[in-house]
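# Close look at the chain arrangement
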Amino acid sequence: MFSSVWDFLKRHKRKFIFTGATVGGLYFLGKYAQKKLRETQEREAAEYLAQARRQIHFESNQRTCNMTVLSMLPALKEAITAQLNSESLTALLKTRPANKVEIWEDLKIISFTRTVAAVYACMLVVLLRLQLNIIGGYLYLDTSGSPSGQAPLAPPDVQHQYLCSIQHLLGDGLTQLMTAVKGAVLNSLGSVSLKQNLSLVDLEQQLSWVRAEVEAAAPLSRYLLADDENALADQGCGLTADDTVTIQLLNETRDMLDSPDFSTVLNTCLNRGFSRLLDNLAEFFRPPPGDSALLAADRQTFSRRVSVRLAKIVTIVNGQINVICSETGKHTVCSQDLLMNEQVKEFAANVYEAFSTPQQLQT
């Protein structure tokens, strides 16, 4: 019996070897596949958790940015009104001085200058979004499992120095901006009589001329961040040539300020800001009571036919800074209108994504 079994095995040896090899191969292949599948699942789970952690950190960073912007609006308004104080002129007009016309002319220029400058100063929203998402990316890397013993990318002193650079927009940058705006306002409205009637369309054209001159004179980024570190040191940021990390952050910020993406977002915000200003002013361009033809007219016809004397427009424009730099209200420009802008949000997300990725910081 054993000999017959042996003969059977010899005759089918090759089949048994092939079958054994196949079964063994399939077994080890299955084990290998299970191992790879487990590794893939673990890697995907780790990536998902990391992404979720980064998303939570990003959203927290955006809330911080929103609160920071709102907290800075009173300081922005104060900085503008301190240099362009129209209240003293309006108080003087109440005394019926002999040079009333000259005072009204000064009030005209100052009122438009500070209102237009306030809309431009809302660039603060985009600048803070940029800065807080750059530093936020660094902070995420510092808190997401950096090797032990490695120096943090953004220690507290670096954060303070870097964010202190926003003082340029509230200081020298704002002064330069108001000088540029005042020159454009003089060229546009200086020769327009206070007795002349202007429609909303006329007023929009005047503001367009002012914008064109201001934005053609110099890049708007010059008002946002100082050109060199010496200027920042003078503002109390405590920056020296040895602060290489802060200087690197500032240089990265300047690169972003010169990028097409930033220019596109900034232009969108400015368009929205001036559009909101015109919407606010439109509330004062109303037809005479009982003019049913104008009441029934479409907005374009309405805005062309209803006109207001420039002297009255001056008093209206003069008070707009209180609305533009308000922390609340549906007519605000600097706060909710721009903070909730989708392009601003998308830009912020892209900046954070870039600076919270290790590979980006190594290039």
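See the structure printed just above.
Keep in mind the model is a prediction, meaning the values are calculated, not measured.

### Topic: the overall build of the chain
Across its full length, the chain holds 19 helices and 2 strands. Per-residue burial over the chain gives 42% buried out of 363 residues. For the chain, the share of sequence-separated contacts (at least 6 apart) that also reach a separation of at least 24 residues comes to 84%.

### Some remarks on empty space enclosed by the protein
Inspection of every chain in the model, using the stated rule, returns 1 cavity of 30 Å³ or more. Of the voids in this model, the largest cavity is the one considered here, and its volume is about 40 Å³. In terms of lining, the largest cavity is formed by F112, T115, V116, L203, L207, L277, L281 and V317. Looking at the lining of the largest cavity, the elements with two or more residues in it are α4 (100-121), α9 (200-217) and α12 (260-282). Top element by residues in the lining of the largest cavity is α4. It accounts for 3 residues. For the lining of the largest cavity, the per-class residue count stands at 7 nonpolar, 1 polar and no charged.

### Considering the packing of α4 against α9
Here α4 crosses α9 at 65 degrees, and the two axes come no closer than 12 Å. Of the two possible hands of crossing, α4 and α9 adopt the one that is right-handed. Contacts between α4 and α9 pair F112, V116 and Y120 from the former with L203, L207, V210, R211, V214 and E215 from the latter. A class-by-class count of the residues in the contact of α4 with α9 yields 7 nonpolar, no polar and 2 charged.

### Some thoughts on the environment of V119
By secondary structure assignment, the location of V119 is in helix α4. Residue classification places V119 among the buried positions, given a relative accessible area of 1%. Distance in space between the C-alpha atoms of V119 and Q320 is 9.9 Å, their sequence separation being 201 residues. Excluding residues within four positions of it along the chain, V119 makes contact with L270, G273, F274, L277 and I324.

### Quick notes on the environment of L174
When you line up the elements, L174 lands in helix α8 (residues 172-189). Since its relative accessible area comes to 0%, L174 is described here as buried. Between the alpha carbons of L174 and L224 there is a distance of 8.4 Å; along the sequence they are 50 residues apart.

### Points about the pattern of salt bridges
If you walk through the whole model with that rule in mind, you get 4 salt bridges. The partner of R114 in a salt bridge is E87, with the nearest N and O atoms 3.0 Å apart. One end of the pair, R114, is in helix α4; the other, E87, is in helix α3 (residues 87-93), with 27 residues separating them in the sequence. Among the residues examined, R114 registers a relative accessible area of 1% and is labelled buried. Residues E105 and K108 are paired through a salt bridge, measuring 2.9 Å at the closest nitrogen-oxygen approach. A residue pair is termed a helical-turn pair when its members lie 3 or 4 positions apart in one helix, as E105 and K108 do in helix α4 at 3 residues. Classification of K108 as buried rests on a relative accessible area of 0%.

### Concerning the nonpolar core
Residues L76, I80, F112, Y120, I134 and I313 are the most contacted members of the largest nonpolar core, which totals 92 residues. Once you skip the residues sitting within four places of it in the chain, Y120 turns out to touch L177, V181, R211, V214, E215, L220, L270 and F274.

### Section: the environment of K108
Separated by 81 residues in sequence, K108 and L189 place their C-alpha atoms 8.3 Å apart. The contact partners of K108, leaving out residues within four places of it in the chain, are L189, G190, V192, L194, L310 and V314. Polar contacts involving the side chain of K108 include one to the main-chain carbonyl oxygen of L189, which spans 2.9 Å.

### Re the packing of α4 against α8
Packing of α4 against α8 leaves a shortest axis separation of 9 Å and a crossing angle of 130 degrees. Comparing their axes, α8 and α4 come out oblique. In the crossing of α4 with α8, the sense of the turn from one axis to the other is right-handed. The segment α4 lies against α8, with K108, I109, F112, T113, V116, A117, Y120 and A121 engaging L174, L177, M178, V181, K182, V185, L186 and L189. In terms of residue class, the contact of α4 with α8 is made up of 13 nonpolar, 1 polar and 2 charged.

### Here we look at the packing of aromatic side chains
Under the definition given, this model contains 4 aromatic pairs. Both rings, one in Y138 and one in F355, keep their centres 6.3 Å apart while their planes meet at 25 degrees; by these two values the pair is stacked. Of this pair, Y138 sits in helix α5 (residues 123-143) while F355 sits in helix α18 (residues 342-355), and the two are 217 residues apart along the sequence.

### Focus: α18
For α18, with 14 residues, the first-to-last C-alpha span of 20 Å sits near the 20 Å given by 1.5 Å per residue. All of the buried residues in α18 are V344, F347, A348, V351, Y352 and F355. Down the axis of α18, the buried set is contained in an arc of 130 degrees. They therefore lie on one face. N-cap assignment for α18: the residue whose side-chain oxygen lies 2.9 Å from the backbone N of Q343 is N341.

Parameters and conventions
- Residues numbered from 1 in each chain as written.
- Predicted model: local features only at pLDDT ≥ 70, side-chain atom pairs only at ≥ 80, totals over all residues.
- Heavy atoms only, no water.
- Helix = DSSP H or I, 4+ residues; strand = E, 2+ residues; numbered from the N terminus.
- Buried < 20%, exposed > 50% of the residue type's maximum accessible area, 1.4 Å probe, protein only.
- Contact = heavy atoms within 4.5 Å.
- 1 Å grid on protein atoms, 1.4 Å probe; cavity = no way out; pocket = protein on both sides within 12 Å on 5 of 7 lines; lining within 4 Å.
- Points joined across faces, edges and corners; volume = space filled by probe spheres on them.
- Nonpolar A, V, L, I, M, F, W, Y, C, P; charged D, E, K, R; others polar.
- Axes fitted to C-alpha atoms, helices over the stretch in contact; angles between N-to-C directions.
- Left-handed = near helix turned anticlockwise from the far one by under 90°.
- Salt bridge = Lys/Arg side-chain N within 4 Å of Asp/Glu carboxyl O.
- Core = buried A, V, L, I, M, F, W, Y, C linked by side-chain atoms within 4.5 Å.
- Polar contact = N/O pair within 3.5 Å; in protein donor to acceptor, adjacent residues only side chain to side chain.
- Parallel < 35°, antiparallel > 145°, perpendicular 65-115°, else oblique.
- Phe/Tyr/Trp six-rings, centres within 6.5 Å; stacked < 30°, edge-to-face > 60°.
- Expected span 1.5 Å × (residues − 1).
- Arc of directions from axis to C-beta.

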